[in-house]
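Tertiary structure, described
The chain contents come next:
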Amino acid sequence: MESTDGGDEERTTKGSAWDLPDLPTGTLPPHIQLQKTRVVCNKEAPTNTENVQYAGAYAAAGVDNTVRLDDFRENFRVEVIKLTEDDMEFDLIGLDASIANAFRRILISELPTMAIEKVLIANNTSVVQDEVLAHRLGLIPLNVDPRLFEYMSENDTANEKNTIVFKLHASCAKGGSRITVKSEELKWLPNGSEFLLAKGNSASNQDSKQKTYTSFSCSQDSLPEFADNPIAPKHADIIIAKLAPGQEIELEAHAVKGMGKTHAKWSPVATAWYRMLPEVLLLKPIEGDEAEELVKKCPVKVFDIEDIGRGVKRATVARPRNCTLCRECIRGDGWEKLVALRRVKDHFIFTIESTGALPPEVLFTEAVKILEDKCERVITELS
Amino acid sequence: MVSNGDLVDQPQWAGVDKEFLAAPVKSAVDKFQLLPEFLKVRGLVKQHLDSFNYFVNTEIKKIVAANNEIRSQVDPKLYLRYKDVRIGEPSRMVDYVTEKLTPQKCRISDITYAAPILVNIEYTTGSGNSLKVQEKRELTIGRMPIMLRSSCCALYGKDEEELASLGECPLDPGGYFVIKGTEKVILIQEQLSKNRIIIDTDKKGCVQASVTSSTAATKSKTVIRMEKEKIYLYLNQFKTKVPIMAVMKAMGMESDQEVVQMVGRDPRYSALLLPSIEECAKANVYTQHQALEYLEKQVKPLPYASTRTEKRASSILRDIFIANVPVHDNNFRAKCIYVAVMLRRMMEAILNKDAMDDKDYVGNKRLELSGQLLSLLFEDLFKTMNDESKKLIDTVLGKPNRSSLFDMSKYIVRDSITVGLERTLSTGNWDVKRFRMHRKGMTQVVARLSYIGTVGHMTKISPQFEKSRKVSGPRALQPSQWGMLCPCDTPEGEACGLVKNLALMTHVTTDDEEGPIISLCYCLGVEDLELLSGEELHMPNSYLIMLNGLILGKHRKPQRFATAMRKLRRAGKIGEFVSIFVNEKQHCVYIASDGGRVCRPLVIADKGVSRIKEHHMKELKDGVRTFDTFLREGLIEYLDVNEENNALIALYEGEATEETTHIEIEPFTILGVCAGLIPYPHHNQSPRNTYQCAMGKQAMGNIAYNQLCRMDTLLYLLVYPQRPLLTTRTIELVGYDKLGAGQNATVAVMSYSGYDIEDAIVMNKSSLDRGFGRCIVMKKMVALSQKYENGASDRIICPPREGYEAERMQILDDDGIAAPGEIIRTHDIYINKQSPTVTRGAPAPNLPDSKYKPSRQTYKGPEGETAVLDRVALCTDRNNNMNIKFMVRHTRRPEVGDKFSSRHGQKGVCGTIIQQEDFPFSERGICPDLIMNPHGFPSRMTVGKMIELLGSKAGVSSGRFHYGSAFGEPSGHADKVEVISETLVKHGFSYNGKDFIYSGITGLPLQAYIFMGPIYYQKLKHMVLDKMHARGSGPRVMLTRQPTEGRSKNGGLRVGEMERDCLIAYGASMLIYERLMISSDPFEVKVCRKCGLLGYHNYKLKADVCSTCKNGDNISTMKLPYACKLLIQSLSDEAHAFSGGL
Ligand code: SF4
């Protein structure tokens, strides 16, 4: 990245190599600065997409490229743009792409949630096959804080700490009309499974009560967290199956804690992603008909027209953040010389769409914690 | 993946497209609306249904009427006469009670869907002089398998709801039979036209005129060939070729001059005829009598006739020689003229090679359909039955003291027709001795892999030639196939170009009455042949009028005649499928009303102005008009391939000129059903469309609405099938949008990870988690509870709940049969059956337990597959045994190696599965479902796929299904790329479909814009789970002691010749030794060092002996592959002593 590609730069900087100062000034020349901080989105392909990591990359210009914690502390900012129950959009400013990406990856695959993993089907006469039904149930997001539960490993027994049990019993009366079974019919069983284990195994403790598929020591709704906040699917209207008259589904669904890495059903986000802050520049003043054309070109109204007096209209960049990079404004002859589309490399517009288990802001802090954890682990391993 | 978020059986799908099909009319006059109407009237498999309906309603009556009498030879006064015949309702007799049948019932319980053939008879009873004529009505003479959806079928005319209540899928096209529970379709057979003169060359290049005559009475092939300047007749009944002039003389044309006149007075023709005339003179044949004598000598002797019946030559000429020309009262004139026309055409061809007929020309072909084939079969069986009945009656009557009351109707042999029809349909071998017909493989089991495969199977045409022939002519695409046969849909490999498929609008005709047409022709000024001299036959400006290959006469104003005939046809006075074709070159007007011609509807235009106007289409939309009204009012007509030659057909209304006579309804109808699924096929390289046609039939999806009630041996279903985002009109017309076979996957065209070379695709694990590509495989297992001779029968008993076998019987219910819903593993017993040890001999009613031996059936599935028992069905089979069918279901998610394909012949296997967080994502957070390598594009040139991506992307962003019908851009049935691009821009995408993408691994933007959007992907039936195989040690073949071959026998992987060659070249001798012997079939032999022959070890003497030297002095032990030892021994058996030098 250190080498300058003459052809590319001509568009952005006007100076030639001869204009450069003889002695290092301690700042980068503008075209190198551009390379370092912006992705240039040309008509054919984006350039300068990479980040310069090497500390001594700009030593020749007298610029230190090391990452300094102090600088980071000083420059790093988070601005929340939008926050609703399930969605959040916020800006991460002054951060390397690798870190933003780490958050994204953790959000998608390493934040645990609860999801239905085991389905005990007592009766299913619907057209939906058992496996498919179980798969559909698994994908239903549950409105429960996963931090209150533990992972269940292979030889653990299901108890109130690691398992949530739901019951679904729906039947369609004979002679009636078809019904739709929705997620609201999943009923939480705070006392654990109601299905009895096969008799053979419990010969030893016949005096005690019949064993079920779970062994809860206390009811989950006695726990303070769930006392006034019963566990249920996040959305009540997810279609599970449709039943014709005479059909019936009776099952118990056991939800456990897991990670998106294992199966997408445990991913706490519908998706989480970021984009770099768009920067739209007008390289020359665009006036008159051209300005109007430009405004019309952009589908998301990035440009506006301002009157600069005497009826002359000039285009301005009003809402660069909206840019979806459709490259309409640089399509056509000569437009690439007038408009420059860029992305700011250390400004990320991060979006989290939560599935509902945790609010998005909590998700992000959890993700930060996980990254912290990981770093600590690396540090301890190194030392 | 664009999830439809709903269940498979979305009811609202049904509503959507009807509205769409009724969408506003776009171009000048949008005639597309005619298509759904056409298909509503005719259905997708109209050719089969029409043919079968014609058979059961008309043809069968004709056959019975032609053979309506059984008369006793012993007492000729006794007879039985068939008065009428009809096909009843599909039903069967169970314990003397008629039970109505539905196709679904037949499929499930393995019976034949057939209806009784009911006849009304009149017969005489009594004897001597006290004869009484009696009548019987509705007597069953056999059972006819019924084609589904035909006019006899229980499903005929039923609406969607009624069909559903009968357990039938409303979208199922019908057109096949259910024979013993399996669905069988009679393939359309392609054949050369019957009763037409075909001029071509034989192998040596001699010009010949051949006619394959086929009448109700006889079938024959007549060939007239020019050999060494002389013309001969080749007929099977003659020993050798016979000079044609002798034949002419034998038919009463004694004067050579007359023959010359008939052929035509052109001196060139006479010159060509001269050598033949001379030859005839040389043979001293001058008169009719001489000619007949001469021919008599050439007649092949009949194999069994001891005394030569006289005058065979004359009867051969009358009945066999060009049998299609009838001879009344020994008037051979018509035949002579026919021969003259043949000669003339031949000579034309000799003088001008262009006049040669093209055998591959579609107009010279006829498609034989199920109705015609069945009628041949039925005729044969009916005649056989009558003969048998007659014999039976005669033997009974021949007995001296028969009982007083003799009821002839009791002696009709009932079973032969039923059995004959059933057997022929289930084996597919048409062995009709009477018509010298021996054809194999005429029926096939209906392909039920995907809905489109089923429909495609009904339109398949099987070729007349054997597949092995290395010829290019018949395989090439014929220009005359336009609109009739699909140019894309043909298999690859040996049958390429021979097996064809019908296009969407093709109709295959059935026979039409000739009588009215003949009289009409004479009314319109056709001059009868009888009244014409030979000279007048070929006068300039006068055209011969031929009806179905028969010369009717001539007409002086052929164009006016043709126009008049066509007007009458458009007015509905003659059949709509009658074709009138003026052949200017041959100076002939061909009228055809025979069955098997392919034709298609076209809009009539007067001087280039379409007859269909805006208001017609509006009336159609309002439902006051149907397709038939269009036909009846002469706005639309059917043209067959020959008549197309007289028409100038404009593709679009706008392109019509003064001379235009017809306008296409829609250009995309030149494609068939399978090719109709491809979006933008006209942008693809043509072989790609052909590949897709083959692959669309292997795609998994929904096969029918009743798919979960079916009991097929193998069933592949997709868990969440979708309709394509980019549809075509054909898709809507055939119902593929309701029974889709694929999913809309978001595809990024980029390289990723190196696991995507050679067309492999990289898949997103989260997409798979969420249900992309998930499929269900169902297999059938059958158990039979038999009854035996001695009255004993199998029994199914309650399984033991304790003991060492209890574990394997966990899934059994108390009735001894596995319970549905249970997970079944390999070695699990699914039926606890016991068979009696003694099954023959004396009746043994109450057998004790000890007389039963267990004959349980265990499940053998692949290891690692957790299958579930889906359904258990009990039914009674034809032998009254209980038949227990199990459906085993396995749901699979895609894994590395599973095969996927887009709709553009771009197949690929899954190369690797990658976590979502590693996948690239776009600015708006879209993560692709799969990544396809861009190298798939340049060499394949599937531009259609790129447009599909653009169109689907615009589709999802604008919320409207986009269209990509073939050639649809001008008529608005395909969205133009420009418009799609505009839509994309409007929704913030780049016009070229390329997005700014971030890498999921580094988090940085990629250095290229990535072409990304949804493409409809099909999952093909080839899955690794069914194919993967490896073994260590395992079973061996008895004979050679080498490992078995093939996956099903758990066989070994062969080190073949080429692998061996590599090892030899490399010099890995020990590896060869190990592979080819140690790990294969090592064997120790004793060899005599002296004589070099094999010895043996004598265990009694505990010594090695050489049997040749009779001692054991020089015996050595050596290792040898057993196969080698076998070879040595086999060779020495053949008395080639094989001695190895040691
Ligand atoms: S790239 Fe597209 S969205 Fe961005 S400013 Fe240009 S026209 Fe507007």
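Residues numbered from 1 in each chain as written. Chains lettered and ligands numbered in written order. Predicted model: local features only at pLDDT ≥ 70, side-chain atom pairs only at ≥ 80, totals over all residues. Heavy atoms only, no water.

Residue and element names in this part refer to chain B. Within the UniProt annotation, "domain: RNA polymerase Rpb2" (unreviewed entry) is assigned to residues 191–368, 444–508, 545–605, 627–659 and 1051–1131. The distance separating the terminal C-alpha atoms of residues 627–659 is 26 Å; by composition the span is 30% helix and 21% strand. The span residues 1051–1131 carries 37% helix and 27% strand; its end-to-end C-alpha distance comes to 28 Å. (UniProt positions renumbered as here; feature names shortened; annotations may be inferred. Helix = DSSP H or I, 4+ residues; strand = E, 2+ residues; numbered from the N terminus.)

Taken together, the contact between chain B and chain A spans 50 residues of the former and 50 residues of the latter. At the boundary of chain B with chain A, total buried surface from both sides reaches about 4000 Å², with 52% on carbon and sulfur atoms. On the surface where chain B and chain A come into contact, there are three salt bridges. Between A:Arg343 and B:Glu923 there is a salt bridge; the shortest N-O distance is 2.5 Å. (Contact = heavy atoms within 4.5 Å. Buried area = accessible area lost by both parts, 1.4 Å probe. Salt bridge = Lys/Arg side-chain N within 4 Å of Asp/Glu carboxyl O.)

On to the packing of aromatic side chains. Per the counting criterion, the structure on display carries 26 aromatic pairs over all chains. Here A:Tyr274 and B:Phe921 contribute two aromatic rings whose centre-to-centre distance is 5.3 Å and whose plane-to-plane angle is 85°, an arrangement assigned as edge-to-face. Residue A:Tyr274 is located in strand E11 (residues 269–282), and its partner B:Phe921 is located in strand E47 (residues 921–922); the two belong to separate chains. By the burial criterion, A:Tyr274 is buried, and B:Phe921 matches it. Measuring from ring centre to ring centre gives 5.6 Å for A:Tyr274 and B:Tyr998, while their planes differ by 70°; the resulting arrangement is edge-to-face. Residue A:Tyr274 is found in strand E11, and its partner B:Tyr998 is found in strand E51 (residues 997–998); the two belong to separate chains. Look at B:Tyr998 and you get buried, because its relative accessible area is 0%. Across the ring face of B:Tyr1122, the terminal group of B:Arg1041 is positioned such that the distance to the ring centre comes to 4.0 Å. (Phe/Tyr/Trp six-rings, centres within 6.5 Å; stacked < 30°, edge-to-face > 60°. Buried < 20%, exposed > 50% of the residue type's maximum accessible area, 1.4 Å probe, protein only. Lys NZ or Arg CZ within 6 Å of the ring centre and 35° of its normal.)

Geometrically, a packed helix pair is captured by the angle between its two axes and the distance between the axes. Residue and element names in this part refer to chain B. Direction vectors running N to C along helix H12 (residues 370–398) and helix H13 (residues 415–427) enclose 145°, while the axes themselves pass 9 Å from each other. Considering only the axes of H12 and H13, their crossing is right-handed. Taken together, the residues of H13 that come into contact with H12 (itself represented by Leu374, Leu377, Phe378, Leu381, Phe382 and Met385) are Ser416, Ile417, Gly420, Leu421, Thr424 and Leu425. (Axes fitted to C-alpha atoms, helices over the stretch in contact; angles between N-to-C directions. Left-handed = near helix turned anticlockwise from the far one by under 90°.)

On to the site of the ligand, then. Close contacts around the ligand come from 13 residues, with A:Cys298, A:Cys323, A:Cys326, A:Arg327 and A:Cys329 the closest. Looking at the shell around the ligand residue by residue, the class counts come to 10 nonpolar, one polar and two charged. (Near = heavy atom within 4 Å. Nonpolar A, V, L, I, M, F, W, Y, C, P; charged D, E, K, R; others polar.)

Glancing now at the side chain of B:Glu279. All names here are of chain B. Mapping Glu279 onto the fold places it in helix H8 (residues 267–282). An unpaired buried charge is present at Glu279: no salt bridge exists, and Lys230, the closest side chain of opposite charge, is 5.0 Å distant. Separated by 3.0 Å, the side chains of Glu279 and Tyr232 make a polar contact. Setting aside residues up to four positions removed in sequence, Glu279 forms contacts with Lys230, Tyr232 and Pro243. (Lys, Arg positive; Asp, Glu negative; His and termini not counted. Polar contact = N/O pair within 3.5 Å; in protein donor to acceptor, adjacent residues only side chain to side chain.)

This next bit is on the pattern of salt bridges. Residues and elements named next belong to chain B. All chains considered together, the criterion is met by 86 salt bridges over all chains. Taking the shortest distance from any N to any O, the salt bridge between Glu190 and Lys365 comes out at 3.0 Å. Residue Glu190 is found in strand E9 (residues 188–192), and its partner Lys365 is found in strand E15 (residues 365–368); the two are separated by 175 residues along the sequence. A relative accessible area of 5% means that Glu190 is categorised as buried. When its relative accessible area of 7% is taken as the criterion, Lys365 is described as buried. Between Arg268 and Asp266 there is a salt bridge, with the nearest N and O atoms lying 3.1 Å from each other. Among the residues examined, Arg268 registers a relative accessible area of 47% and is labelled partly exposed. On the basis of relative accessibility, which here comes to 26%, the residue Asp266 falls in the partly exposed class. Three or more residues joined by partner-sharing salt bridges are found here, namely Arg107, Glu168, Asp172, Glu183, Arg448, Arg710 and Asp712.

A word on the domain arrangement of chain A. Residue and element names in this part refer to chain A. If you check the domain split of chain A, you get domain 1 (1–111 + 268–383) and domain 2 (113–266). On a C-alpha basis, the centroid separation for the pair domain 1 and domain 2 is 46 Å. Contact residues are listed per partner, giving 13 residues for domain 1 and 15 residues for domain 2. Of the roughly 1000 Å² buried between domain 1 and domain 2 on both sides combined, carbon and sulfur atoms contribute 52%. (Domains from an automatic or database assignment.)

Attention now goes to helix H14 (residues 451–458) of chain B. Judged by how many residues are buried, H14(B) sits mostly within the fold: eight of eight residues are covered. The set of residues buried in H14(B) consists of B:Tyr451, B:Ile452, B:Gly453, B:Thr454, B:Val455, B:Gly456, B:His457 and B:Met458.

Applying the stated criterion to the full structure yields zero disulfides over all chains. Note on B:Cys206: no disulfide assigned, nearest cysteine sulfur contributed by B:Cys280 at a separation of 20 Å. (Disulfide = S-S within 2.5 Å.)

All names here are of chain A. The sheet built from four strands is open, its strands ordered E5-E10-E6-E8 with antiparallel pairing. The outermost strands of the open sheet, each flanked by one partner alone, are strand E5 (112–124) and strand E8 (187–189). Averaged over all pairs of adjacent strands, the angle between strand axes in this sheet comes to 30°, irrespective of strand direction. Note that E5 and strand E10 (residues 248–259) share 11 bridges and pair antiparallel. Pairing of Leu120 across the sheet is with Glu252, part of E10. Relative to E5, helix H5 (residues 130–138) is tilted by about 150°, and along the sheet it contacts E5, strand E6 (164–171) and E10. (Pairing = 2+ DSSP bridges.)

Attention now goes to the environment of B:Ile817. Residue and element names in this part refer to chain B. Mapped onto the secondary structure, Ile817 falls in the loop between strand E37 (795–796) and strand E38 (823–824). Taking C-alpha positions, Ile817 is 23 Å from Glu863, a pair spaced 46 residues apart along the chain. If we skip the residues at most four places from it in the chain, Ile817 touches Ile796, Leu812, Tyr830, Ile831, Val872, Leu874, Ile884 and Phe886.

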